[in-house]
Every structure is written in C-alpha cells, then in structure tokens.
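Secondary and tertiary structure notes
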Amino acid sequence: MNSQNKFQISLFKGSFHLEVDIEFQIGECLGLWGSSGSGKTSLLRAVAGLDQVGDALIIVAGQVWQDSSKSVCLAPWQRPIGYVFQDASLFPHLDVENNLKFAVKRNKNNPDPRLWGSTLELLGIGGLLKRSPSLLSGGERQRIAIARALLTEPKLLLLDEPLSAIDSDKKSEVLPWLEQVREELKISMVYVTHSSQELLGLAQSVAVMKEGRISQKGPLETIFPVLAPSQMIEQTADEVEFEFQARVSKVDELLQLMRLDFSGGSIWVKRENFDLNQPLIIKVLAQEVLISTEVTAASSELNTFEGAVTNISDMPHPSEKLIQLSSGGTHFLSITSTKAVNQLALKRQMKVWIQIRSVKKLIKFDGK
Amino acid sequence: MFFDPAVINSLWLTFELAGFTSLVLLIIATPIAWWLSTTKNKWRYAVKAMVTLPLVLPPTVLGFYLLILMGPKGPIGVLTQSIGLGTLPFTFSGLLVASVFYSLPFAVQPLQSAFESVNPRLVEVAHTLGANRLDAFTSVIVPLSKQGFGLALILTFAHTVGEFGIVLMIGGNIPGKTQVVSTQIYNLVESMDYTRANALAFFLVVFSFLVLLIMTWLGRNKEPTH
C-alpha cells in the first residue's frame, strides 16, 4: 500500500523534544543535516530501536517496524538495519574478517554466497581481512563498518556522521565508496551530517533538523544552496575546495602530462606516477575554477569544458560569489568575483564554459 | 611429610573444594554481575549490598545462619532431606554451599567491573547486526571480559583456600571428609606439632604469593601503555 519509508516519532528526553514526521522513497538517500544537538542522532537511534520511544510509527520498505497505536515494536535485532556509527565501533577482539563474519552469521536471508565477494569489492577492503581493527586507518575502519552493516542485507542503512572522526583530507578514503554503495545497491539510506559538502555527491533529498524538528525538506538541488553558504561562512575564499572522481585516460610522455576523464569532460594535468586507467579523486580549490560565457582561443586548448550554473550564493566577503556548477553529473564549485558575475550576467541554469586552472591534489581511489 | 596421607587428604580436599566453588560461582555470579551492570531497577543497590555482605560479616555469622538453614529443621535441610540427600552440614556438599556464599562477592565484583568496562556501543552494534541480548552477551561481552573471568576464578579459588571460620562451622574439621589445609593447621598447632604446621603454613604462603603474582601479571594490560 505505502511504498515509502516513513518515520513518525515523538520523543521526550528531559527537556529535549523530538517531533518528526518524514517520508522518503525506497532506495533514496536522505541527507539529515543539522547542528549538534538538533536531534539527528536521537532520530536514528529511535528508528533503529536502540532507544525506547513511546510514540512512533516506523515503516521501512513497506514493513512496519514500530506502530505504537497497535503496540507493535520490533527489537533492534529484528529490524533489517545497518547502522554505521561515528567511531566505526569494530569489535576489538576480532580481526577484520571475523568482524565481517559476525554480520554474515546473523544474516537471516540465506545470503547469496557472492554477497561476501561483491561487498569486499564494493568497499575495496579485500586486502585488509587479516588485520586487527587497531592497525587500520580511520577511513579503512569506517569502510569495514559499512561493509559489515551491508553484509546483513539491510533494508535501511543509517549513517551517523561516519566521516566526523576522519581528518578532512582523508574523507575521500570513504565518501566515493559510499557513493558507489548507493549507486550499486539502491538501498534506502539516511546520512546524518553537519557538513553540507558531504551531502553533495550522496544525498538525493535533504531534511534540515533544528531543535528536534524538521525545518525544511526537499531535493538536494533546492536545499543545498541554502546549506552551502552557511557552511562556507567560516571559510575564506582560498580555503573552499571540492573533489570529484576521474580516471587516467592518456599519458603524454613528451610533455609529461596525463589526461583525466570524468563524466562531463576531461582535463590535462602534470604527470604523476599513476597507471593508465587508475581511478583518482581530484581535489580542486574553488578559486582555481574559472567561468566564461564564450570560448576564447587560449581557453579552448586546455581544461575547458561545458557546464551549467546550478546556483549562485554569497561569500562572507561581498566582493566574491560562490558559484555551483555541474557538467555531466559532476559537481564543481567556483569562487568568482561579484564584478565578473555581473559582467557575465551569470544566473542559474545558464550554460557556461568551465576552466580548471590547476588541481590541488590527486588521490588514488581503487574503486570501480 | 607431604606423603603423610592426612596431609595429602586435606590438600586434595582443599583444592577440590576451591575448584568446585570457583566453577559453581562462575555459573551463579555471571548472570548476577551482568544484571547488576546493566539494570536500572531500583532494587539494584539492595541486591548489590546483599551480594557484598559476606565480605564484611564475620564467617561465624554466615556459618551460623547456614547451619540453621541447612539443619534438619531449616528450610534447606527439610528440602534436602525430602529429596533423599540428608542434611548438608558436616558434608562436602555443605562445605561447597557455604564456600559459594562466602566467596560470592569475590566473583561478582571483578565480573561486574569487567562487564561495565565494555563499551556499550559495541553491544548496540551487535544488536543492529542481528544479535539478540544473549547472543550479544556471549559473542561480545564475554570475550571482551576475559580478564574479569580470569580474575574472578583466581580470586574465588584463592579465597576458598584461605577460608577457616566458615569451614570450621559448617564442615566441622572431620579428617578425610571436611578437613581442609587451614583447619588442619589449626589442629596441628593445637597438638603442638609445629614442624608439620610450619610446613603446611609455609606452603600456603608460597601458594598465595604465586596466585597474587599471577593476578597482578594478568592485570598488567589495564595499566596505560602510552
């Protein structure tokens, strides 16, 4: 009858009051954004059944997990759920392989024997099986926690700030893998974060939480522009950066350059010691992304491709604007002077030429 | 003198009693400790105090009440008689029951603190992976509390070896039946046999020292290493 996921929860915890009524599509990744103390984690714990909630209606993939009006309430271990905590929480007495097997043994659906191999591959952890959790990097630990959750074949994956314990330059050890999980498995996900940039490649819709309530909800495209500036507010122009996935497609031995292809275009960068076809994460400073409305002779040669403006928002300093762009599904950020924005008459949906002047960093990414 | 049958008998009986007491306590104390470490029940403080009582009570008090309870007119005595076991005082079984009560806090305390030191998040993770309460207990809590179990076993074993008062009251010091090392030393001293008393006493000192040495060695990981 109802093919959506539905959380309707009312919860009092001391003076804190959580009052949420939210629906999202099966297979959709819902970003739950809010500052700390806004009730994001309380909501996840209630959905997982880890905290007793007196008044709730929780339906996931058409299955009622909790219905207080009918006194139905499944225990956490009866809910087909995957829960990834901030700190990964791997079992310290088990190696990686046995952490994963802990989940497999308790999978009640007679899992396909191929699930094991495909999950290891999906998160790139095949080489870590014999390691002890204490010898892993933060990113590796989180990937194993995600794999462990997926091996129970959950109907809903809850991620509670999975990147918050990881250094910002190591986040790309996890984020692209999560995107891959969403692409391949089409599993319903709730991703809790207070970083709007993490939502960029992942969430399809976003709910903003404030003081225990959902203050806004909508597709990423409409909510993200509201969030992005509030994230940037602390950052000055030279700190804003973004990243996207690409692949080494060609090497120019003579000029010592290599070409990186991404969905939406390609760029040439200085040659580094990567194999052909090596997938990479490209980190770029938003200042190094230029926008023009026509191709000039100079820009046509290098690193220029066509795209569209998806949003324009203010930066802390009035002389600059933050432009969000997309090309073939890849998202970019550019910091452009307000003067240039006015001269080019930039507005949303406008077709423009995007030029990436330089990349900050290339990181090896062994995904598919 | 260790080939003296009376000495061998009392040594054997002592270790048999200590061994059985430790095993029985492991079975009884584990659920009590687990309950105490997780419950928010308002009676938990009363239960904790009850469990700890043997630590402060003179063994004669505990022995006195057990003697009455297990005697021919006490409720436990009536029960054991009705199922054909006779009365327990002055038998090995009676000694075992008394030892279990007497060493209860020595098993519950280390287990409870071991259970409490396991990150509760790990239990929640186990739940979300499909493990019910018992499963999470046996597959997460128990392996992470190995030290606590080791400590509880050693403490109850050593404490039972060191019993005197309660053994005397419930067991009665019957050679070959309920006479353990501590009561035998008492007998030897009474009969002025200082040589043999000294040998047995010295044996207990060495034994206890070794036990404590093992315990501190087992506990070494708890000290911060960085």
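Remember, it's a predicted structure, so these values are computed and weren't measured experimentally. (Residues numbered from 1 in each chain as written. Chains lettered and ligands numbered in written order. Predicted model: local features only at pLDDT ≥ 70, side-chain atom pairs only at ≥ 80, totals over all residues.)

1. Comments concerning the overall build of chain B
Broken down by element type, chain B carries eleven helices and zero strands. Listing every helix and strand of chain B by position from the N terminus yields α-α-α-α-α-α-α-α-α-α-α. With the principal axes as the frame, chain B shows a C-alpha extent of 65 × 50 × 25 Å. Going through the 226 residues of chain B one by one, you find that 35% of them count as buried. (Helix = DSSP H or I, 4+ residues; strand = E, 2+ residues; numbered from the N terminus. Buried ≥ 20, exposed ≤ 12 C-beta atoms within 10 Å, placed from the backbone.)

2. Thoughts on the overall build of chain A
A tally of regular secondary structure across chain A gives eight helices and 21 strands. Counting only residues that meet the buried cut, chain A has 41% of its 368 residues in that class. Residue pairs in contact within chain A that sit at least 24 positions apart in sequence constitute 69% of those at least 6 positions apart. (Contact = placed C-beta atoms within 7 Å.)

3. Thoughts on the packing of helix 2 (residues 96-105) of chain A against helix 4 (residues 138-150) of chain A
Residues and elements named next belong to chain A. Relative to each other, helix 2 and helix 4 sit at 30°, their axes nearing to 7 Å. One way to sum up the angle between helix 2 and helix 4 is to call them roughly parallel. Read as a crossing pair, helix 2 and helix 4 show a hand that is right-handed. For the pair helix 2 and helix 4, the contacting residues are Val96, Asn99, Leu100 and Ala103 in the first and Ile144, Ala147 and Arg148 in the second. Of the residues that constitute the contact of helix 2 with helix 4, the class distribution is five nonpolar, one polar and one charged. (Axes fitted to C-alpha atoms, helices over the stretch in contact; angles between N-to-C directions. Parallel < 35°, antiparallel > 145°, perpendicular 65-115°, else oblique. Left-handed = near helix turned anticlockwise from the far one by under 90°. Nonpolar A, V, L, I, M, F, W, Y, C, P; charged D, E, K, R; others polar.)

4. Thoughts on the environment of Ile281(A)
Topologically, Ile281(A) is positioned in strand 15 (residues 279-285). As a C-alpha pair, Ile281(A) and Phe262(A) span 19 residues in sequence and 10 Å in three-dimensional space.

5. Looking at the packing of helix 2 (residues 44-56) of chain B against helix 5 (residues 92-117) of chain B
Helix-helix packing: each pair is described by the crossing angle between the helix axes and the interaxial distance. Residues and elements named next belong to chain B. Two elements in contact, helix 2 and helix 5, have axes whose closest approach is 7 Å; the angle formed by their N-to-C orientations is 115°. Of the possible angle classes, the one that applies to helix 2 and helix 5 is roughly perpendicular. The element helix 2 and its partner helix 5 pack so that their crossing is left-handed. For the pair formed by helix 2 and helix 5, the contact residues are Val51, Thr52, Pro54 and Leu55 on the first element and Phe101, Tyr102, Leu104, Pro105 and Val108 on the second. The residue makeup of the contact of helix 2 with helix 5, split by class, is eight nonpolar, one polar and no charged.

6. Some remarks on the domain arrangement of chain A
Residue and element names in this part refer to chain A. Examined at the domain level, chain A breaks down into domain 1 (4-232) and domain 2 (239-364). The C-alpha centroid of domain 2 is placed 31 Å from the C-alpha centroid of domain 1. Of the residues lining the interface, ten residues belong to domain 1; the matching set on domain 2 comes to 14 residues. Broken down by secondary-structure element, the contributors of at least two residues to the side of domain 1 that touches domain 2 are helix 6 (196-200) and helix 7 (220-232). Split by residue class, the side of domain 1 that touches domain 2 holds six nonpolar, three polar and one charged. (Domains from an automatic or database assignment.)

7. A short note on the environment of Ser205(A)
All names here are of chain A. Take Ser205: it is sitting in strand 10 (residues 205-210). Judged by local crowding, Ser205 falls into the partly exposed class, with 19 C-beta atoms found within 10 Å. In the structure, Ser205 is positioned 132 residues away from Cys73 in sequence and 28 Å away in space, judged by C-alpha atoms. With residues near it in sequence (within four places) discarded, Ser205 still touches Phe24, Glu28, Leu30, Lys217, Gly218, Pro219 and Leu220.

8. Concerning the confidence of the model for chain A
Here chain A shows a mean pLDDT of 87. Residues at 70 or above account for 92%. Taking the mean pLDDT of every element in chain A, the minimum, 66, falls on helix 7 of chain A and the maximum, 96, on helix 2 of chain A. (pLDDT = per-residue confidence, 0-100.)

9. A look at the pairing of strand 8 (residues 156-160) of chain A
Two faces make up the sheet, and in a regular strand the side chains alternate between them. All names here are of chain A. For strand 8, a buried count of five out of five residues is recorded, marking the element as mostly surrounded by other parts of the structure. Going residue by residue along strand 8, you find Leu156, Leu158 and Asp160 tucked away on one face and Leu157 and Leu159 tucked away on the opposite face as well. The pairing of strand 7 (residues 81-84) with strand 8 spans four bridges and is parallel. Bridged to Ile81 within strand 8 is Leu156. Relative to strand 9 (residues 188-193), strand 8 is paired through five bridges, and the arrangement is parallel. (Pairing = 2+ DSSP bridges.)

10. Digging into unusual backbone geometry
One can expect most non-glycine residues to show negative phi and most peptide bonds to be in trans. Of note in the backbone geometry, Asn277(A) takes a positive phi value of approximately 75° without being a glycine. With respect to the secondary-structure elements, Asn277(A) resides in the loop between strand 14 (265-270) and strand 15. Accessibility expressed as a C-beta count within 10 Å gives 9 for Asn277(A), which makes it exposed. Not every positive phi belongs to a glycine, and Met192(B) is a case in point at roughly 60°. With respect to the helices and strands, Met192(B) occurs in the loop between helix 10 (181-190) and helix 11 (194-218). According to the C-beta neighbour criterion, Met192(B) is exposed, with 8 such atoms within 10 Å.

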